[in-house]
Amino acid sequence: MALELVKKQIGLNEMTRKEAVQVVKERDIIVPDGKPDMQRVLYLDGEINIDQIDVQEDRVVYKGQLDTTILYVPENNSKEIYTMKGSIPLEDFVILEGVSNNQRVAFNYNIEHMHWNILNERKLNVKSIIGVCVEATKPKEMELVTEVRGDVAVQTNTGTLSVIKPSQSGTEKLVVKDELTIPQGKCSIGEVLKMNTCIKEEQTKRTESEILYNGIVEVSTMYKTQEPDMPVEIVKHRIPFAGSTDLPKPNEEAYWNCDLSVKPIYMQVCPDFDGEDRVIEVECIVEAKYNTFDEDTETIIDDVYCPGKKVKMTNTSEDYMTLASKGVAKASKKDVITLENGAPMIDQIFSVNLKPVIDEKKVEGDKLTINGMLEAKVVYIDPESVNMIQTAMEMIPFSQDLTLEGLNEDSYVEVKVQPKDVEAGVYNKNDIMLEYGLDYMANVYNKGNIQTINQVDVADMDKEELNSYPSITVYIVKKGDTLWNLAKRFNTTVQDIVEINDLDENAPINIGQKLIILKKTKF
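To start, this report covers the structure provided alongside it. Keep in mind that this is a model prediction, so the values were computed, not measured.

## Focus: helix α3 (residues 494-501)
- Buried within α3 are the following residues: Val494, Asp496, Ile497, Val498 and Asn501.
- Looking at the buried residues of α3, the elements they touch are β14 (277-305), α2 (483-489) and β22 (514-518).
- Downstream of α3 by one or two residues, aspartate 502 has phi in the positive range, about 55°.

## Some points on the packing of aromatic side chains
- For the structure shown, the criterion picks out seven aromatic pairs.
- Between the aromatic rings of tyrosine 475 and phenylalanine 490, the centroid separation amounts to 5.8 Å while the plane-to-plane angle is 65°, which identifies the pairing as edge-to-face. Of the two residues, tyrosine 475 is situated in strand β21 (residues 472-476) and phenylalanine 490 in the loop between α2 and α3; the sequence distance between them amounts to 15 residues.
- Looking at phenylalanine 490, the relative accessible area reads 12%, which means it is buried.
- A network of ring pairs unites the aromatic residues Tyr62, Phe107 and Tyr109 as a single cluster.
- One Lys or Arg, arginine 59, reaches over the ring of phenylalanine 93 and ends 4.0 Å from the middle of that ring.
- A cation sits over an aromatic face here: lysine 224 above tyrosine 82, 4.0 Å from the ring centre.

## Things to note about the pairing of strand β4 (residues 59-73)
- Of the pairings in the sheet, the one linking strand β3 (residues 40-56) to β4 comprises 15 bridges and is antiparallel in character. Its bridge partner being in β4, aspartate 54 is matched across the sheet by valine 61.
- Hairpin connection between β3 and β4: a loop of two residues separates the two successive antiparallel strands, and aspartate 58 in this loop has a positive phi of roughly 70°.
- Looking at chain direction, β4 and strand β5 (residues 82-95) are connected through 14 bridges and run antiparallel. Bridging from a neighbouring strand, leucine 71 pairs with threonine 83 of β5.

## Side note on unusual backbone geometry
- We note that aspartate 58 has phi near 70°; this positive angle belongs to a residue other than glycine.
- Counting through the fold element by element, aspartate 58 comes out in the loop between β3 and β4.
- A positive phi angle, near 60°, is found at asparagine 491, a position not held by glycine.
- Inspection of the secondary structure assignment puts asparagine 491 in the loop between α2 and α3.
- When its relative accessible area of 3% is taken as the criterion, asparagine 491 is described as buried.

## Quick look at the environment of aspartate 319
- Of note, aspartate 319 is situated in strand β15 (residues 309-338).
- When its relative accessible area of 36% is taken as the criterion, aspartate 319 is described as partly exposed.
- Taking the C-alpha atoms as reference, aspartate 319 lies 28 Å from valine 154; in sequence the two are 165 residues apart.
- With sequence-adjacent residues up to four places away left out, aspartate 319 is seen in contact with Lys140, Lys447, Gly448 and Asn449.

## Here we look at the sheet that holds β4
- A sheet is described by the order of its strands in space; here three strands give the open sequence β3-β4-β5, paired in antiparallel fashion. Pairing within the sheet leaves two strands with one partner each, and these edge strands are β3 and β5. For this sheet, the mean angle separating the axes of adjacent strands, direction not counted, is 15°.

## Here's the deal with the sheet that holds strand β17 (residues 367-381)
- One open sheet holds the three strands; their spatial order is β16-β17-β18, and the pairing between them is antiparallel. Single-partner strands in this sheet number two, and they are β16 (349-364) and β18 (389-403). Going across the sheet, the axis of each strand differs from the next one's by a mean of 15°, ignoring polarity.
- With 15 bridges joining them, β17 and β18 adopt antiparallel strand pairing. What sits directly across from methionine 373, in β18, is proline 397.

## Brief notes about the side chain of lysine 194
- Positionally, lysine 194 belongs in strand β10 (residues 191-206).
- For lysine 194, a relative accessible area of 11% gives the class buried.
- Only 2.8 Å separates the side chain of lysine 194 from the side chain of aspartate 45, close enough to count as a polar contact.
- Non-local contacts of lysine 194, meaning those with residues more than four positions away in its chain, are made with Tyr43, Asp45, Ser220, Thr221, Met222 and Phe350.

## Here's the deal with the environment of threonine 171
- If you trace the backbone, threonine 171 turns up in strand β9 (residues 155-181).
- Sequence-wise, threonine 171 and serine 317 are 146 residues apart; in three dimensions their C-alpha atoms are separated by 37 Å.
- Not counting residues up to four positions away in its chain, the partners in contact with threonine 171 are Glu287, Ala288, Lys289 and Tyr290.

## Topic: the pattern of salt bridges
- Tallying each qualifying case throughout the model produces 26 salt bridges.
- Lysine 200 is the partner of glutamate 218 in a salt bridge, and the nearest nitrogen-oxygen pair spans 3.2 Å. Remark: lysine 200 occurs in strand β10 and glutamate 218 occurs in strand β11 (residues 210-224); sequence separation between them is 18 residues.
- Among the residues examined, glutamate 218 registers a relative accessible area of 10% and is labelled buried.
- You can call lysine 200 buried: its relative accessible area is 5%.
- Close ionic contact of lysine 355 with glutamate 375 constitutes a salt bridge, the shortest N to O distance being 3.9 Å. Residue lysine 355 is located in strand β16, and its partner glutamate 375 is located in strand β17; the two are separated by 20 residues in the primary sequence.
- According to the relative accessible area criterion, lysine 355 is buried, its value standing at 19%.
- Within this structure, Lys35, Glu80, Glu191 and Lys224 form a network of salt bridges that share partners.

About the criteria used
Residues numbered from 1 in each chain as written. Predicted model: local features only at pLDDT ≥ 70, side-chain atom pairs only at ≥ 80, totals over all residues. Heavy atoms only, no water. Buried < 20%, exposed > 50% of the residue type's maximum accessible area, 1.4 Å probe, protein only. Helix = DSSP H or I, 4+ residues; strand = E, 2+ residues; numbered from the N terminus. Contact = heavy atoms within 4.5 Å. Phe/Tyr/Trp six-rings, centres within 6.5 Å; stacked < 30°, edge-to-face > 60°. Lys NZ or Arg CZ within 6 Å of the ring centre and 35° of its normal. Pairing = 2+ DSSP bridges. Axes fitted to C-alpha atoms, helices over the stretch in contact; angles between N-to-C directions. Polar contact = N/O pair within 3.5 Å; in protein donor to acceptor, adjacent residues only side chain to side chain. Salt bridge = Lys/Arg side-chain N within 4 Å of Asp/Glu carboxyl O.

Purely geometric stuff here, so don't read any function into it on its own.
Right, dumping it as structure tokens:
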């Protein structure tokens, strides 16, 4: 006879799988018609835009482009600067064994290195090394037993399954626009060479119905003037923004996160009231990428027996992944970058970019140590130099300890380091002082295992089998014993042991404790 098993379906996740690769992309960029021949490149950078990500069997296919900005001069001693743009198509794939289109995939990328080579006066070869990282998490549905029914006296042992897993995720886009006026004392605009945007003073907040976010978009504009004494100018503007995304907060929500980023989408130079080109119309997109984690707790039956009956139970063992904990640390930092040709004036610093590279994640007990380097890149102008646009690079080490609940050597640890509110100032005639914050975020994922009951068959015991159990036993509790295990072993019930020994059913039994166990004769 088989007992009736009442089951409930629950969604879990398998452990995350990860693959990181480097790809090399290159292309020849042609000087546009109407622009002079190129003699010397002053500056090169790029931005990756991914248009499509397609998850296929055992691979993740992506498509997009690397947009480049090149600043050059037409003659070796010229202070006339020109800008040109180009793009390198990106269409490739990352092999990730076992991935399929029903899995949650995180796709991350960054430009690790860019290099140029002038082929002739009208052609430039650009080569880039791009790091691509793909992480896949596979959902799985499991049926867990919540009730057992039958015509016999059934004893069931219940347990609790608690899993924290990804729930909701999405991206909210906010358009930020403004008319930026060149301040008095600065030359009017001849041509915009490059624009850089970043977010400062960001704040995010979770309410019962939404995620709120606000901050400042700092816009740095490098432009060419008509003045020979100051051929290149830099101006900075700040645009406040505030937005929200409707996201009701369920009771089971355990964690949430929201990351902000910004990029310009439109720029147009316009005349002011006096007819001078001193106004820049700009539009940016602020993206708020959010994700939440819910805790799913279920009471399930993990063991069954029937006193006086032979029970045959078939189980299936399943592995799953749960978010054990999240940790956050913030650090305020100051570092100095030394320049060989002397530090510029404050208003000549165009941008400061800090790119974290994590070299080591070390686990000792519940302590995680993060070690790495910040690749600091400062772009500024030097009107007295032949290369008016200068780039200073320096590697700055960082280290941070986090104490994380549930951390162990077998944990999968996801770490992110984010620079915040980067400011640059002149420290002395040769040094630039960087002041910034570093936000460290770590997610600890652990693997769990659960035994799921598939079927329970019950048959009668014969007389000899029943007589093999002693009528009365004085048992001394050993390590690992529980009331449930003893009741199952001696063919009785937990309730009988509790009543005979005057015990609290919810209190643990102690090693060396004596228990009287009577054989149950009626069921």
